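Each chain, letter by letter, is given below.
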Amino acid sequence: MICATCAVEYDGDALPQVCPICADERQWVPADGQHWQDLDALRAAGQHLVWAEAEPGRVEITAEPKVGIGQTAQLVHTPAGSLLWDPPGYIDAGTVARVRTLGPVLAVAASHPHMFGVQTEWGEALQAPVLVCEPDARWLGRTSDRVQLWDGDHELAPGLSLHRVGGHFPGAAVALWAGGAGGRGVLLSGDTVFPNPDRSSVGFLRSYPNKIPLSAAVVERIAARLDSLEFDRVVGNFGNAIESGAAAAVQRSARRYVEWVRGDHDDDT
Ligand SMILES: [Zn+2]
Ligand SMILES: [Zn+2]
């Protein structure tokens, strides 16, 4: 079963009254209350996944029509194997087979609990571990032997690694793919940092739907953490991206954020 609002999976025989992820101040519960959906019913209603090659070695997978938050998953495939990042809240056999033609799946992982989707369903179908950043394990709604906890920095393969950054959630993470963007590096950021519609800056928030900020100290910490990673492109959880110059854009955006929350520009309000 999945929560209809966030599409995170739950054990069907132990459904909570309200999805804890949506009841949290970072998300929301619909005005008419909690709704649950089951994957078989979605399948029967014609739900499907759209597969789009975004760049050599990276595929974007999106549920159509939108399921839950409606993220676009990122599938990165390297000679050593692949990573399914921010998995959709839906799965189908055709897409599973297509993922498997690209080689062994090293891991299914999400940037943070809003993006868990049906991650253990994917992990089981792909016979891959589901990597969950340890501080956020309490948000798991489904138990599975596939789940493995990690923290800090976690290398999946040469040039493909996960890094805990924090901020949006204590365990909020990014994935770094060194071979992306023609070898200049791609950062898959979920909404740990959020590529903005201007395609030249990023946002940092505790809650995006409810607009809850982070402190200057936390944004400085995130920026310092990302400054140690080499990338030129950043891709968010809806396929929103800064195509190049992204490392500098992240640092510039963090400085701007700190200036505003410190009050440097209060004369302009
Ligand atoms: Zn939910
Ligand atoms: Zn989120």
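Each remark here, short or long, concerns the structure printed above.
Residues numbered from 1 in each chain as written. Chains lettered and ligands numbered in written order. Predicted model: local features only at pLDDT ≥ 70, side-chain atom pairs only at ≥ 80, totals over all residues. Heavy atoms only, no water.

S.K.: How should I be thinking about the nonpolar core in this particular structure?
M.R.: As a rule of thumb, nonpolar side chains are buried together in soluble globular proteins. Of all hydrophobic cores here, the largest spans 40 residues; its most connected members are Cys6, Ile61, Leu84, Trp122 and Leu126. Counting residues per element, this core draws most heavily on strand β4 (residues 58-64), at 3 residues. Other than its neighbours up to four places away in sequence, cysteine 6 contacts Cys19, Ile21, Cys22, Gln27, Gly68, Ile69 and His114. Residues Val202, Val219, Ile222 and Ala223 belong to the second largest nonpolar core, which totals 22 residues. (Core = buried A, V, L, I, M, F, W, Y, C linked by side-chain atoms within 4.5 Å. Buried < 20%, exposed > 50% of the residue type's maximum accessible area, 1.4 Å probe, protein only. Helix = DSSP H or I, 4+ residues; strand = E, 2+ residues; numbered from the N terminus. Contact = heavy atoms within 4.5 Å.)

S.K.: Please explain the coordination of the zinc ion (ligand 1) as it appears in this structure.
M.R.: Donor atoms from the polypeptide that coordinate the zinc ion (ligand 1) comprise Cys3 (SG), Cys6 (SG), Cys19 (SG) and Cys22 (SG), at 2.3 to 2.4 Å from the metal. Bound by 4 donor atoms, the zinc ion (ligand 1) shows angles of 103 to 117° at the metal and therefore tetrahedral coordination geometry. All donor residues of the zinc ion (ligand 1) come from one chain, and their arrangement in sequence is C-x2-C-x12-C-x2-C. Separated by 16 residues along the polypeptide, cysteine 3 in strand β1 (residues 2-3) and cysteine 19 in the loop between β1 and α1 (20-23) bring together distant segments of the chain. Cysteine 19 matches cysteine 3 in its accessibility class, with the two residues each being buried. (Donors = N, O, S within 2.8 Å, 3.2 Å for Na, K, Ca; no water. Tetrahedral: all angles 85-135°; square planar, octahedral: opposite > 155°, others 65-115°.)

S.K.: Whenever I open this one, the pattern of salt bridges confuses me. Can you help?
M.R.: A side chain of one charge can pair with a side chain of the opposite charge if their charged atoms are brought near each other. One pass over the structure, following the stated rule, counts 14 salt bridges. Glutamate 25 is the salt-bridge partner of arginine 206, the closest N and O atoms lying 2.7 Å from each other. In this pair, arginine 206 is assigned in the loop between β15 (202-203) and α6 (216-227) and glutamate 25 in the loop between α1 and β2 (36-37), connecting sequence segments 181 residues apart. What makes arginine 206 partly exposed here is its relative accessible area of 24%. On the basis of relative accessible area, glutamate 25 is assigned to the partly exposed category, the value being 44%. Taking the shortest distance from any N to any O, the salt bridge between arginine 225 and aspartate 153 comes out at 2.4 Å. Residue arginine 225 is located in helix α6, and its partner aspartate 153 is located in strand β10 (residues 153-157); the two are separated by 72 residues in the primary sequence. On the basis of relative accessible area, arginine 225 is assigned to the partly exposed category, the value being 24%. A single network of salt bridges, built from pairs that share partners, joins Glu55, Arg58, Glu60, Arg233 and Glu243. (Salt bridge = Lys/Arg side-chain N within 4 Å of Asp/Glu carboxyl O.)

Fair warning: the whole summary comes from geometry, so function is off the table for now.
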